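Okay, here's what each chain looks like letter by letter:
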Amino acid sequence: MFETPEARVLLLLRDLQEEMRNMRGELAERLTVLHDRLDETRAHVESLSQEVRSTGQE
């Protein structure tokens, strides 16, 4: 089947849009993982801070 240059450009644009949607999904997943790790790290730091404070009071 013969494709006009315009049709080929439209197909490429469609493919790029699909790829961008997929990348956004992957980035959202990674951001969620990083956010969860940050929350865990904050909780750990807070726990260590409390431990240091209680050790200093003894």
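Calculation notes
- Residues numbered from 1 in each chain as written.
- Predicted model: local features only at pLDDT ≥ 70, side-chain atom pairs only at ≥ 80, totals over all residues.
- Heavy atoms only, no water.
- Helix = DSSP H or I, 4+ residues; strand = E, 2+ residues; numbered from the N terminus.
- Rg over C-alpha atoms; globule rule 2.2 N^0.38 Å.
- Buried < 20%, exposed > 50% of the residue type's maximum accessible area, 1.4 Å probe, protein only.
- Areas by Shrake-Rupley, 256 points an atom, 1.4 Å probe, with all protein chains shown as cover.
- Lys, Arg positive; Asp, Glu negative; His and termini not counted.
- Charge placed at Lys NZ, Arg CZ, Asp CG, Glu CD.
- Patch = residues over 30% accessible without salt bridge, like charges linked within 9 Å, V, L, I, M, F, W, Y side chains within 5 Å.
- Salt bridge = Lys/Arg side-chain N within 4 Å of Asp/Glu carboxyl O.

Enquirer: Tell me about the overall build of the protein, residues and numbers included.
Expert: Broken down by element type, the protein carries one helix and zero strands. The globule rule puts the C-alpha radius of gyration for 58 residues at 10 Å, and the 25 Å found for the protein is more than 25% above it. Expressed along its principal axes, the backbone C-alpha trace of the protein runs to roughly 85 × 10 × 5 Å. Split into buried and exposed, the 58 residues of the protein put 0% on the buried side. Here the protein has roughly 5,700 Å² of accessible surface; of this, 59% comes from carbon and sulfur atoms. One way to put it: in the protein the 8 positive side-chain charges average out to a point 5 Å from where the 13 negative ones average out.

Enquirer: An account of a nonpolar patch on the surface is needed here, citing residue identities and associated values.
Expert: A surface patch of nonpolar side chains, about 380 Å² in accessible area, is lined by Val9, Leu10, Leu13 and Leu16. Looking at the element boundaries, leucine 10 is found in helix H1 (residues 5-57).

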